[in-house]
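# Coordinate inspection notes
Each chain, letter by letter, is given below.
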Amino acid sequence: MRATVLTGFALGLAVSLTACGDDAASDAAARERQAPPALPGVEAIDDARLVNAASEPQSWLTYGGTYDEQRFSKLDKISTANVAQLGLAFSYDTNTTRGLEATPIVVGGVIYTTGSWSIVYAVDAKTGQEIWRYDPKVPGETGPKACCDVVNRGVAAYQGKIYVGALDGRLIALDAKTGAVVWEKLTVDQSKPYTITMAPRVVKGKVIIGNGGAELGVRGYVSAYDAASGDLVWRFYTVPGDPALPVENPALEAAMKTWTGDTYYKVGGGGTVWDAIAFDPELDLLYVGTGNGSPWSRLIRSPQGGENLYVSSILALRPDTGELVWHYQTTPGDNWDYTSTQHIMLADLTINEQPRKVLMQAPKNGFFYVLDRATGELLSANNYVKVTWATGIDMKTGKPIEAPGLDYSKETKTVEPSPLGGHNWQPMSFNPKTGLVYIPANDIAWAFGLDKNFTYRPGGWNTGNDPTTGDAIPRGDVTGRLIAWDPVTQKAAWQQMYPGPWNGGTLSTAGGLVFQGTAHGTFVAYDASGDGAGNGKVLWEAPAGTGVMAGPSTYEIDGEQYVAVMAGWGGAFGLVGGDASAAAHERAGNNPNNGRLLVYKLGGTASIPASEAVDKEVAAIAGDLDAAAVKKGNFAYHTWCAFCHGVGAISGGVIPDLRTSELFFSEALEPIVLEGSLLGKGMPNLGQWVTKDDVAMIRVYITAKRNELAAANAAADAAKAAAPAAAATPPAASRTAASR
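Conventions we followed
Residues numbered from 1 in each chain as written. Predicted model: local features only at pLDDT ≥ 70, side-chain atom pairs only at ≥ 80, totals over all residues. Heavy atoms only, no water. Helix = DSSP H or I, 4+ residues; strand = E, 2+ residues; numbered from the N terminus. Buried < 20%, exposed > 50% of the residue type's maximum accessible area, 1.4 Å probe, protein only. Contact = heavy atoms within 4.5 Å. Areas by Shrake-Rupley, 256 points an atom, 1.4 Å probe, with all protein chains shown as cover. Pairing = 2+ DSSP bridges. Axes fitted to C-alpha atoms, helices over the stretch in contact; angles between N-to-C directions. Core = buried A, V, L, I, M, F, W, Y, C linked by side-chain atoms within 4.5 Å. Salt bridge = Lys/Arg side-chain N within 4 Å of Asp/Glu carboxyl O. Disulfide = S-S within 2.5 Å. 1 Å grid on protein atoms, 1.4 Å probe; cavity = no way out; pocket = protein on both sides within 12 Å on 5 of 7 lines; lining within 4 Å. Points joined across faces, edges and corners; volume = space filled by probe spheres on them. Nonpolar A, V, L, I, M, F, W, Y, C, P; charged D, E, K, R; others polar. pLDDT = per-residue confidence, 0-100. Phe/Tyr/Trp six-rings, centres within 6.5 Å; stacked < 30°, edge-to-face > 60°. Lys NZ or Arg CZ within 6 Å of the ring centre and 35° of its normal.

## A word on the overall build of the chain
When you go through the chain residue by residue, the secondary structure sums to 13 helices and 39 strands. Here the chain, with 740 residues, has 59% of them falling under the buried criterion. When contacts within the chain are restricted to residue pairs at least 6 apart in sequence, those whose partners lie at least 24 apart make up 64%. Here the chain displays about 28100 Å² of accessible surface, and carbon together with sulfur accounts for 53% of that area.

Listed below in structure tokens is the structure:
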């Protein structure tokens, strides 16, 4: 019977090709040549293969490369000796203009990655040819629920399936070969402002997924779903709920003692698990990072004090049951949006001449932590960026020593790091050969002031921070760094300064390299050991066409090593960063924010498609503006609009700039804001909170900002026009010398 079936198939194929002629035969041959190499595919990924991912460096099997999330590859075909020969092998256009944050998974010769709005792409890892594309069709009205852009950080692969968390809270399993939906589960209450932006992880046959939304007001949790069926296996809530209801587990009974008042459970409490996860198969512990408290201000959230467990914490859970084994809270009673959802990494280090199994994290609060990953014992902590909110970490208690004079309940206080973090979601990497951790760091200050008239607004931003504490983030006040951090000595071995923050995640390799994309639109390779002069030597750099935030991955096919990275500007800083974010977009060439997958190899000769620069010319709007109306508009704008359109009404190049938008100044504005006429494109309906008077005041404020932009453009044009004449006239000193 088998022979008959095969013969029939072969005969049918021959007839089909004959009927289609030589062109069809040629196309079939071309497809065969372009087919992914016969490497083990997703169907062969099981628990053992994931545990041993480090022994398969030709693939990139999970978000962080391996369960320990070190983002280190043993591949060394690309090295310090030849990286100067690196070139673009191919680019793949995602047809997106919002932020791209995914780390590409590579298995069986196929790249699996994600773009804005949780779209999944399967691409031939050698040629860049699209194999399939899956769009979960996230409703546009979900966009406003995402604090930090409509981004997605990638997929998980296991037993023939690709798993993605959609922005609207669905966990979806796809057939790895076709992209067809195998199963789909709703993991959140969609009536609340939950979102998913993280990459799922698969551990012991379970898909681990969390969610975000603490800025808007939700209760955080992490869940495990059966990888085969999608059935919920367990769920761990990270903060207590309504005390009138049954407590979900003993860990929460203990946590309830650390909360006061009733605002926290009405708003949600926060503690969302929106990124960091690592797994130690030997200890059978799953490590999860939790987010900030909700609202941000603890005076509103928990007015009689308390540490507010388990916000801003690292949790060690049993992967089979979700049982809490130990916890470590990096910022007790968090008051500044200092999440601990940043990259968690496991390593074996020698500390005080003793081998230790450690967990490392550089959370938002500015301190680098080294913990014993079996017990949660604090081994060391030191600040890796400037920190003003605390003077250090008490090694006896493991708690930060908060600096005096930072109570912002009565007056505005400026604090470092900012809520954008000394380090945010952009993944760091660890190179066991150099012993260094490579941290994408930010230097940004932030003004905090208590919102004395705070009222919970379901679905709106509920931080408790006065939105008018600062209406600008000047480009000259922020910087970024790549820090090569020694986790044993708790000191920087070397660092590279950047003109701005929000630079990409890092990848380190056995070739002695560190790869990182930049906010100003390049992709760079550094000498991982440094140049001996306090810096990592730049060995290669190429334009990326737009700002790069994502972490790279690397893989090998047919003896060639490739490096892949997603390029697409956006995220929290890209949206809210105002002038500082606009500066990054300008340095990247002011190009349209076209999202792409970029893949490099030695001798690559491809080029990024050219695009025209964005024209920012704008005419002033005549007429006198009432100062009181501008002030009211400032408050309304920074309450409802700034989180997407940028502080100071200055767009960072991701969302349309309202100052240059003719639509904003048209009759369509009220229907857009008050009726949700652009809801399908991600613009929220603010009619339940914003009045016609608010809209009018916002228009006055944006008019003032538009006129400022027009004046600045005119001054720049005048200076440019005067430059040739000034150059043709000798300086006064020269004329004086000549006259003598």
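There's more to say after this.
## Things to note about the sheet that holds strand β28 (residues 429-431)
Sheet architecture is open: 4 strands sit in the order β28-β29-β31-β32, paired in antiparallel fashion. Since the sheet does not close on itself, it has two edges, and those belong to β28 and β32 (491-498), each with one partner. Geometrically, the sheet is characterised by an average inter-axis angle of 25 degrees between neighbouring strands, direction not taken into account. Sheet topology places strand β31 (residues 479-486) next to β32; 7 bridges connect them, and they run antiparallel. Paired with I483 across the strands is Q495, a residue of β32.

## What about the nonpolar core?
In a soluble, globular protein the nonpolar side chains are often hidden away together inside. One finds I111, Y112, I162, Y163, F515 and Y555 to be the most contacted residues of the largest nonpolar core, which totals 95 residues. By residue number, the principal contributor to this core is strand β38 (residues 560-567), which donates 6 residues. Not counting residues within four places of it along the chain, the set of residues in contact with I111 comprises F90, P104, I105, V106, Y121, A122, V123, A125, Y555, L597 and V599. V267, Y369, L378 and V387 belong to the second-largest nonpolar core, a separate cluster that totals 70 residues.

## Some points on the pattern of salt bridges
Throughout the structure, instances matching the rule amount to 33 salt bridges. Here R373 ties to D280 by a salt bridge, and the two come within 2.7 Å at their closest N and O atoms. Here D280 lies in strand β16 (residues 277-280) and R373 lies in the loop between β23 (367-372) and β24 (378-383), a separation of 93 residues in the sequence. Note that E560 and K601 form a salt bridge whose closest N and O atoms lie 3.6 Å from each other. With a gap of 41 residues between them, E560 in strand β38 and K601 in strand β39 (residues 596-602) connect regions that are remote in the sequence. Residue classification places K601 among the partly exposed residues on the basis of a relative accessible area of 22%.

## Some remarks on the state of the cysteines
Tallying each qualifying case throughout the model produces 1 disulfide. Note that C147 is cross-linked by a disulfide to C148, the S-S spacing being 2.1 Å. Between C147 and C148 the disulfide shows an S-S torsion of about -90 degrees. By sign, it is left-handed. The structure places no disulfide on C641, whose sulfur is separated from the nearest cysteine sulfur, that of C644, by 9.0 Å. Judged by its relative accessible area of 14%, C641 falls in the buried class. Given the relative accessible area of 29%, C644 is considered partly exposed.

## Digging into unusual backbone geometry
A cis amide bond links S294 with the next residue in sequence, P295, at an omega value of 0 degrees. Note on placement: P295 falls in the loop between β18 (293-294) and α6 (298-301). Backbone torsion omega between E416 and P417 reads -5 degrees, so that peptide bond is classified as cis. Of note, P417 is situated in the loop between β27 (413-415) and β28. A positive phi angle, near 60 degrees, is found at E69, a position not held by glycine. Mapping E69 onto the fold places it in the loop between α3 (47-51) and β1 (72-73). E69 sits in the buried class, given a relative accessible area of 3%. You will see that D558, though not glycine, has its phi angle at about 50 degrees, which is positive. Considering the arrangement of structural elements, one finds D558 in the loop between β37 (553-557) and β38. By relative accessible area, D558 is classed as exposed at 56%.

## Considerations on the sheet that holds strand β20 (residues 324-329)
Ordered by their spatial adjacency, 4 strands build an open sheet running β16-β17-β19-β20, and the pairing between neighbours is antiparallel. Every other strand in the sheet has two partners, leaving β16 and β20 as the edge strands with one partner each. Adjacent strand axes in the sheet meet at a mean angle of 15 degrees, parallel and antiparallel pairs treated alike. For strand β19 (residues 313-317) and β20, the ladder comprises 5 bridges, and the chain directions are antiparallel. The residue bridging S313 from the neighbouring strand is Q329, located in β20.

## Description of empty space enclosed by the protein
Under the definition given, this model contains 5 cavities of 30 Å³ or more. By volume, the largest cavity amounts to about 450 Å³. Together, 33 residues line the largest cavity, and C147, C148, E215, K364 and A572 are the ones closest to its centre. Top element by residues in the lining of the largest cavity is helix α7 (residues 571-576). It accounts for 3 residues. Along the lines of polarity and charge, the residues of the lining of the largest cavity split into 17 nonpolar, 9 polar and 7 charged.

## Section: helix α8 (residues 578-587)
Burial within α8 is extensive, with 8 of its 10 residues counted as buried. Those residues of α8 that fall on the buried side of the exposure criterion are G578, D579, A580, S581, A582, A583, A584 and H585. The inward-facing, buried residues of α8 abut α7. Of the residues one or two after α8, G589 is the one with positive phi, at around 105 degrees.

## Quick word on the confidence of the model for the chain
Residue-level pLDDT values for the chain average 90, and 92% of them are 70 or greater. Per-element confidence in the chain ranges from a low mean pLDDT of 30 for helix α13 (residues 732-739) to a high of 99 for strand β17 (residues 285-289). Low pLDDT, under 50, characterises residues 1-37; the predicted model gives this stretch 16 contacts beyond four residues in sequence or across chains. Contacts from residues 726-740, a stretch scored under 50 in pLDDT, to residues over four places away or in other chains number 2 contacts.

## Describing the environment of I119
With respect to the helices and strands, I119 occurs in the loop between β4 (110-114) and β5 (120-124). Taking the C-alpha atoms as reference, I119 lies 9.6 Å from V151; in sequence the two are 32 residues apart.

## Observations regarding the packing of aromatic side chains
A full pass over the atoms with the stated rule returns 31 aromatic pairs. Seen in terms of ring centroids, W259 and Y264 are 4.7 Å apart; in terms of plane orientation they differ by 40 degrees. Their pairing is tilted. The buried category is assigned to Y264, whose relative accessible area is 3%. Note that R71 overlies the ring of Y63, its terminal NZ or CZ placed 4.5 Å from the centroid.

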